Structures are given as structure tokens and as C-alpha cells.
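Descriptive structure summary
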Amino acid sequence: MANFVVWVVWVVAVFACLGSGAAVISFTNPFYSALALIGNLGSLAVLFLLLSAEFVAAAQVLVYAGAVMVMFLFVIAYLGRRADSPWRGGPSWQALGATAAAGALLVEIVVVIGQKASGRLSDEADISRGFGGPEAIGRLFLTDHLLAFEITSIVLLVAAVGGVVLGSEVKRTEELEA
Amino acid sequence: MMGPDVTWYLAVAGFLFAIGTLGVMLRRSPLIILLSLEIMFNGANLALITFARMHGELDGQVFALAVMAVAASGVVVGLGLIVALNRRNLELDVDKLSTLRG
């Protein structure tokens, strides 16, 4: 019975995930795209929970669906109508090529997974109760992966500085042009 | 493990990545390209977490968190670029931004 419930949750989450992903790339109004991406991230968090990655699921909802998407929505609101991106006719061979390339990529991924699926992919390791909890992840972050942790903080700092520089540069170029 | 096995999760990750790729290549608005990029990041994250579950090792989840931080940094810089484009009254279309084309 529990197995059946997990299957149902999985199917619903996967349909929500792929459907909202397709919605993100097909809306002409980026505001709706961003809202669809929030749905995508939420249903992915459900999949993470099914894979017993509780902490990552919580971080996904807090950081991605929360902070990052609020930033997106602020920028879209700031741009207003200029942010709209209607589908243009354009050269259709470009769209065809893009679709073919994405399809080829998908086929490649599925073939590789299919080849491996019969072998080692199907047996999962047994895990302890604390797997994926904040304690285990925090311990790993501050012992084995301390360097990655510190480098991540530097990356975030550089990105913050870059955001400030990009946002405040306009005055200097105006002076140069004047 | 209850429910579908690892292969199905990997297939979903592959589909997500392909959807993101399609969005990046089809759309010309930098905002939608950034959003599609997030979908690609999340496909990779799902694969990482699936492999972490498969091997029973947490390293994949730690890596997924690092990927999330890198994605957030990417969004900050990307949105900063879009705001800078808007301040200069340039059109928000990646095909029209060809000054650096060789």
C-alpha cells in the first residue's frame, strides 16, 4: 500500500515537474514563466524528498523557490512591458535545428541510462535513518568538503560584488559619453 | 526503496535537462534563457541526488547544494546584466547583442 502511494506521488510530481518545465519555455510573458518555474522547483523538491534528500529539498524551496525567484520577479516587474518576449517568426530552420539538437541530447541521455539500467543502476544501497538530514550534511560540509564550502562562499561574494558593479556602472559611462 | 527505482529518476533528470536546452536554444529573451538555465541546473541536481541515493553516500547531496549556490550566483550576474542592458536602452534580445561577434 505504501509503495502504491509513493508511486502515485512520484507520477504526480513528475507530471507537474515536466509540465511546468515546458510551460516555462513556452510562455511569452516572463512573469508567467517565472511562476511556472516556481511550480517546477516545488515538484522537484517532492522528488528530492522521495530520494530521502530532506535537507536539499528544504534548501531548494527556501533558496530557489523563495529567494532566487523573488529576485527574478523583482527584475521582471522592474522591466515592465519591455520584458515581454513574443514568439517571432524568424528563420524556422533555427527552431527546427534547436529542437533536433535537444531531441538528440535527450536520446543520447536515454540510451546511456538504458544501457546502464540492466546492470548496476537498479540496486540501491541501504541507508541509515539520518541520511540526507541537516546533521549528516553539515558534518560532511565542515569535514570532507570544507574546501568546496569555502570556495562556494567566495563565489557568492564575487557574484554579489559583480551584481553591484553591473547595477551601478551607468553613471560613469554617461560621463564618458558627455 | 519504495516507489520507482533509480532509472526512472534519471530519465526525469534527462527530460528536464533537454527541456532546459530547448528553452536556451529556442528563446531569444535573456530572462527566459536564464529561467531555462535554472531548469538545466535542476536536471543535473536531480541526477546528483539520485546517484547519492543509489550509492548511499551523501557527497552527491553536498555537491547539489554547491550547484545551487553556483546557480544563485549565475542568476545574480545574469539579472545584473539584464538590468544594465535595460539602463542603456538596448533591446532585450540575445540575437541583437552582437557587438562582440568576431
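Residues numbered from 1 in each chain as written. Chains lettered and ligands numbered in written order. Predicted model: local features only at pLDDT ≥ 70, side-chain atom pairs only at ≥ 80, totals over all residues.

**Focus on unusual backbone geometry**
Despite not being glycine, Ser52(A) has its phi angle at roughly 50°, a positive value. Inspection of the secondary structure puts Ser52(A) in the loop between helix H2 (30-50) and helix H3 (54-79). What makes Ser52(A) buried here is the crowd of 20 C-beta atoms within 10 Å. A positive phi is found at Asn89(B), a non-glycine position, where the angle reads about 60°. According to the C-beta neighbour criterion, Asn89(B) is exposed, with 7 such atoms within 10 Å. (Helix = DSSP H or I, 4+ residues; strand = E, 2+ residues; numbered from the N terminus. Buried ≥ 20, exposed ≤ 12 C-beta atoms within 10 Å, placed from the backbone.)

**What about the confidence of the model for chain B?**
In the predicted model, chain B carries a mean pLDDT of 88, and the fraction of residues at 70 or more is 98%. Predicted complex metrics record ipTM = 0.90 and pTM = 0.89. (pLDDT = per-residue confidence, 0-100.)

**As for the interface of chain A and chain B**
Between chain A and chain B, the residue contacts involve 74 residues of the former and 63 residues of the latter. Where the side of chain A that touches chain B is concerned, the elements lending two or more residues are helix H1 (2-26), H2, H3, helix H4 (92-117), helix H5 (134-142) and helix H6 (146-168) of chain A. No other element matches H1(A), which puts 12 residues into the side of chain A that touches chain B. For the side of chain A that touches chain B, the class distribution of residues is 56 nonpolar, 14 polar and four charged. (Contact = placed C-beta atoms within 7 Å. Nonpolar A, V, L, I, M, F, W, Y, C, P; charged D, E, K, R; others polar.)

**Concerning the packing of helix H2 (residues 30-55) of chain B against helix H3 (residues 59-87) of chain B**
Residues and elements named next belong to chain B. Their axes nearest at 9 Å, the elements H2 and H3 cross at an angle of 175°. Here H2 lies roughly antiparallel to H3, going by the angle between them. When H2 is examined against H3, the residues Pro30, Leu31, Leu34, Leu37, Glu38, Phe41, Ala44, Asn45, Leu48, Ile49, Phe51 and Ala52 are found in contact with a partner set consisting of Asp59, Gly60, Gln61, Phe63, Ala64, Val67, Ala71, Gly74, Val75, Gly78 and Ile82. (Axes fitted to C-alpha atoms, helices over the stretch in contact; angles between N-to-C directions. Parallel < 35°, antiparallel > 145°, perpendicular 65-115°, else oblique.)

**Quick notes on the environment of Ser29(B)**
Relative to the helices and strands, Ser29(B) is located in the loop between helix H1 (6-26) and H2. By the C-beta count within 10 Å, which is 19 here, Ser29(B) ends up partly exposed. In sequence terms Ser29(B) and Val94(B) are 65 residues apart; their C-alpha atoms lie 6.4 Å from each other. With residues up to four places along the chain from it excluded, the contact list for Ser29(B) reads Pro30(A), Ser85(A), Leu92(B) and Asp93(B).

**Some thoughts on the domain arrangement of chain A**
Interface size is often expressed as the accessible area that is lost when the parts come together. Segmentation of chain A into domains returns domain 1 (1-85) and domain 2 (133-178). Its C-alpha centre places domain 1 of chain A at a distance of 24 Å from the equivalent point of domain 2 of chain A. (Domains from an automatic or database assignment.)

**Overview of the nonpolar core**
Ranked by internal contacts, the top residues of the largest apolar core, which has 71 residues, are Leu47(A), Phe48(A), Val56(A), Leu16(B), Leu46(B) and Ile49(B). Counting residues per element, this core draws most heavily on H2(B), at 14 residues. Excluding residues that lie within four positions of it along the chain, Ile49(B) makes contacts with Phe48(A), Leu51(A), Ala53(A), Val56(A), Gly60(B), Gln61(B) and Ala64(B). (Core = buried A, V, L, I, M, F, W, Y, C linked by C-beta atoms within 7 Å.)

**Looking at H3(B)**
Look at H3(B): 42 Å from first C-alpha to last across 29 residues, which is about the 42 Å you get at 1.5 Å a residue. Two residues or fewer after H3(B) comes Asn89(B), characterised by a positive phi angle close to 60°. (Expected span 1.5 Å × (residues − 1).)

**Some details on the environment of Ala57(A)**
Residues and elements named next belong to chain A. By secondary structure assignment, the location of Ala57 is in helix H3. By the C-beta count within 10 Å, which is 21 here, Ala57 ends up buried. Separated by 53 residues in the primary sequence, Ala57 and Phe4 place their C-alpha atoms 22 Å from one another. Residue contacts for Ala57: discarding those within four places in its chain leaves Ala45, Phe48 and Leu49.

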